[in-house]
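These are the residues of each chain, in order.
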Amino acid sequence: MDQDLALLQSLLRVHRKALDGNPTGFNDEITSQLMGKNQLGLATLAPPANALSANGELLDRWGTPYRFHALSKKQMEVISAGPDKRFFTQDDTRLLE
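Worth saying up front: this structure is predicted, and the values here are computed from it rather than measured. Counting restarts for each chain, with residues numbered from 1 along the sequence as it is written. For a predicted model such as this one, the threshold for reporting local features is a pLDDT of at least 70, and the threshold for listing and counting side-chain atom pairs is 80 or more; totals across whole chains, interfaces and linings nevertheless cover every residue. Computation of side-chain values covers all heavy atoms of the structure but excludes hydrogens and water.

Novice: How would you summarise the overall build of the chain if you had to cite specific residues and measurements?
Specialist: Segments assigned H or I by DSSP are reported as helices when at least four residues long, segments assigned E as strands when at least two residues long, and all are numbered from the N terminus. A tally of regular secondary structure across the chain gives two helices and three strands. The helix and strand sequence of the chain, counted from the amino end, reads α-α-β-β-β. For 97 residues, the compact-globule estimate of 2.2 N^0.38 gives 13 Å, and the C-alpha radius of gyration of the chain, at 13 Å, lies within 12% of that figure. Referenced to the eigenvectors of the C-alpha coordinate spread, the extents of the chain come out at roughly 35 × 25 × 20 Å. Considering the chain as a whole, with its 97 residues, one finds that 41% of them fall into the buried category. For the chain, long-range pairs separated by at least 24 residues make up 35% of all intrachain contacts whose partners lie at least 6 apart in sequence. For a compact globule the rule gives 2.2 Å times the number of residues to the power 0.38, and the radius of gyration it is set against comes from C-alpha atoms. Only protein chains enter the area calculation, which uses a 1.4 Å probe; residues under 20% of their type maximum are buried, those over 50% are exposed, and those in between are partly exposed. Contacts were defined at the residue level, with two residues in contact if any of their heavy atoms lie within 4.5 Å.

Novice: Outline the packing of aromatic side chains, listing residues and values.
Specialist: Working definition: a ring pair exists when centres of Phe, Tyr or Trp rings (six-membered ring for Trp) sit within 6.5 Å. Plane angles under 30 degrees give stacked, over 60 give edge-to-face, the rest tilted. A full pass over the atoms with the stated rule returns two aromatic pairs. Note on Tyr66 and Phe68: the rings are 6.3 Å apart at their centroids and 55° apart in plane angle, and the pair reads as tilted. Classification of Phe68 by relative accessible area gives buried; the value is 14%. Judged by centre distance (6.4 Å) and plane angle (55°), the ring pair of Phe87 and Phe88 falls under tilted. Accessibility expressed as a relative area gives 18% for Phe87, which makes it buried.

Novice: Residues and numbers for the side chain of Ser80, please.
Specialist: Take Ser80: it is sitting in strand 2 (residues 75–80). On the basis of relative accessibility, which here comes to 1%, the residue Ser80 falls in the buried class. We call two N or O atoms a polar contact when they sit within 3.5 Å, provided that within protein one can donate a hydrogen and the other can accept it, with sequence-adjacent residues counted only if both atoms are side-chain atoms. There is a polar contact of 3.2 Å between the side chain of Ser80 and the backbone nitrogen of Gly82. Apart from residues lying up to four places away in sequence, Ser80 is in contact with Asp60, Trp62, Tyr66, Phe87, Asp92 and Thr93.

Novice: I'd love a proper account of the side chain of Gln33, names of residues and values included.
Specialist: In this structure, Gln33 sits in helix 2 (residues 27–34). In contact with Gln33, other than residues within four places in its own chain, are His15, Pro23, Thr24, Asn38 and Leu42.

Novice: Outline helix 2, supporting the account with residue identities and numerical values.
Specialist: Listed in full, the buried residues belonging to helix 2 are Asn27, Ile30, Thr31, Gln33 and Leu34. Burial along helix 2 is one-sided: seen end-on, the buried residues are contained in an arc of 160°. Considering only its buried residues, helix 2 is in contact with helix 1 (3–19), strand 1 (67–72) and strand 2. Positive phi appears at Gly36, one or two residues downstream of helix 2, with a value of about 115°. By definition, the arc is the one covered by directions from the helix axis to the C-beta atoms.

Right, here's the structure in full:
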């Protein structure tokens, strides 16, 4: 797992523990919740400006929005498209947290 996904893993664990579950919604909504737009005002994410799209989506290091998929209240899948910027190819990286 790359360092970016390891960091996301830590952020999701803190969020999940404090708020009793995963953030929900699409990438921009999840990013917003991780940045403090949640019932506790808890911000676990403070990304640099170049890590956010114009729509507020969290981007991987190649500028592609992450894909978030909540598998349950306590489990989240996060996928980066990798250097080729295309999903479902061999260079994708995946976190199952």
